[in-house]
Amino acid sequence: LAKTTQPISMDSYEGQEVNITCSHNNIATNDYITWYQQFPSQGPRFIIQGYKTKVTNEVASLFIPADRKSSTLSLPRVSLSDTAVYYCLVGAPYNTDKLIFGTGTRLQVFP
Amino acid sequence: GAVVSQHPSWVICKSGTSVKIECRSLDFQATTMFWYRQFPKQSLMLMATSNEGSKATYEQGVEKDKFLINHASLTLSTLTVTSAHPEDSSFYICSASTGGAGNTIYFGEGSWLTVV
């Protein structure tokens, strides 16, 4: 399983775009990249998943360069309610691989 | 997204007793479920992988006789903390895999266990 490295914490202000980068240098060919958001005392919530290039949904975008050794979660115009811990995980969905969580990034959004 | 539900959301039990936590996939069948525990301000720690119809696979350092996992159906896995002690107090979270192409793993809401 590929190990991931993320910044421990980030600060932002309401209305700004936030980009959280995750390094996964030993990502395997069949690994996907998945991002989760976790609020205190809640289970992680799926945000977005991708394999390469760019994926966008109603809440975020995921940018993956050609070498796939890193990925960037982009949150447009954050609000106070986006204050949470964000986890980047890599794994092979076809094998239903267990997800090993890293430290995550604690995002604090200020008014 | 898919829904995974845990019950109870929180439970308090006396030291030495056993407590069961249920994890259900409400709108999909999950051949594989996972159990995590999380201490305050820490990341999730995988405890075991639960496969429907077979024995669970435990991570290193997790006592299988203390944390009993049963995955009797494609929509239900249970975690039983036996002979609970205060140090077992934690936030327990389950997740379920949708399987197949484009597999995604969804998490339950978590269950707070307090052993007094």
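Residues numbered from 1 in each chain as written. Chains lettered and ligands numbered in written order. Predicted model: local features only at pLDDT ≥ 70, side-chain atom pairs only at ≥ 80, totals over all residues. Heavy atoms only, no water.

**What about the side chain of T80 of chain B?**
All names here are of chain B.
Point 1. Among the structural elements, T80 can be located in strand β8 (residues 76-81).
Point 2. Of the residues examined, T80 reaches a relative accessible area of 16% and is grouped as buried.
Point 3. Not counting the four nearest positions on each side in its chain, T80 is found in contact with S18, V19, K20, K66, F67 and L68. (Helix = DSSP H or I, 4+ residues; strand = E, 2+ residues; numbered from the N terminus. Buried < 20%, exposed > 50% of the residue type's maximum accessible area, 1.4 Å probe, protein only. Contact = heavy atoms within 4.5 Å.)

**Considerations on the sheet that holds strand β7 (residues 67-73) of chain B**
Pairing between the strands of a sheet is mediated by backbone hydrogen bonds and can be parallel or antiparallel.
All names here are of chain B.
Point 1. The four strands are arranged β1-β3-β8-β7 in an open sheet whose pairing can be described as antiparallel. Single-partner strands in this sheet number two, and they are β1 (4-7) and β7. Sheet twist, expressed as the average angle between the axes of neighbouring strands with direction ignored, equals 15°.
Point 2. Sheet analysis places β1 next to strand β3 (residues 19-25), joined by four bridges and oriented antiparallel. Paired with S5 across the two strands is R24, which belongs to β3. (Pairing = 2+ DSSP bridges. Axes fitted to C-alpha atoms, helices over the stretch in contact; angles between N-to-C directions.)

**What to know about the packing of aromatic side chains**
Residue and element names in this part refer to chain A.
Point 1. Counted under the stated rule, the structure contains 13 aromatic pairs over all chains.
Point 2. When the ring of Y13 is compared with that of F110, the centres are 6.0 Å apart and the planes differ by 45°; the resulting orientation is tilted. With Y13 in strand β1 (residues 9-13) and F110 in strand β9 (residues 105-110), this pair connects stretches of sequence that are 97 residues apart.
Point 3. The exposure class of F110 is partly exposed, given its relative accessible area of 34%. (Phe/Tyr/Trp six-rings, centres within 6.5 Å; stacked < 30°, edge-to-face > 60°.)

**Here we look at the layout of surface pockets**
Point 1. Here the largest pocket is characterised by a volume of approximately 460 Å³.
Point 2. Residue lining of the largest pocket: 22 residues in total, with V85 and R106 of chain A together with Q38, K41 and Q42 of chain B positioned closest to the centre.
Point 3. Residues belonging to the lining of the largest pocket are distributed by class as follows: eleven nonpolar, nine polar and two charged. (1 Å grid on protein atoms, 1.4 Å probe; cavity = no way out; pocket = protein on both sides within 12 Å on 5 of 7 lines; lining within 4 Å. Points joined across faces, edges and corners; volume = space filled by probe spheres on them. Nonpolar A, V, L, I, M, F, W, Y, C, P; charged D, E, K, R; others polar.)

**Observations concerning the pairing of strand β3 (residues 32-38) of chain A**
Residues in a regular strand project their side chains so that they alternate between the two faces of the sheet.
Residue and element names in this part refer to chain A.
Point 1. Of all seven residues in β3, seven are buried; the element is thus mostly enclosed.
Point 2. What you see with β3 is no split at all: Y32, T34, Y36 and Q38 on one side and I33, W35 and Q37 on the other are buried throughout.
Point 3. In the sheet, β3 pairs with strand β8 (residues 84-91) via seven bridges, with the strands oriented antiparallel. From the neighbouring strand, I33 faces β8, where its bridge partner is V90.
Point 4. Here five bridges tie β3 to strand β4 (residues 45-50), and the two strands are oriented antiparallel to one another. Within β4, the residue paired with Y36 across the bridge is F46.
Point 5. As consecutive antiparallel partners, β3 and β4 are separated by six residues, and within that stretch S41 has a phi angle of approximately 60°, a positive value.

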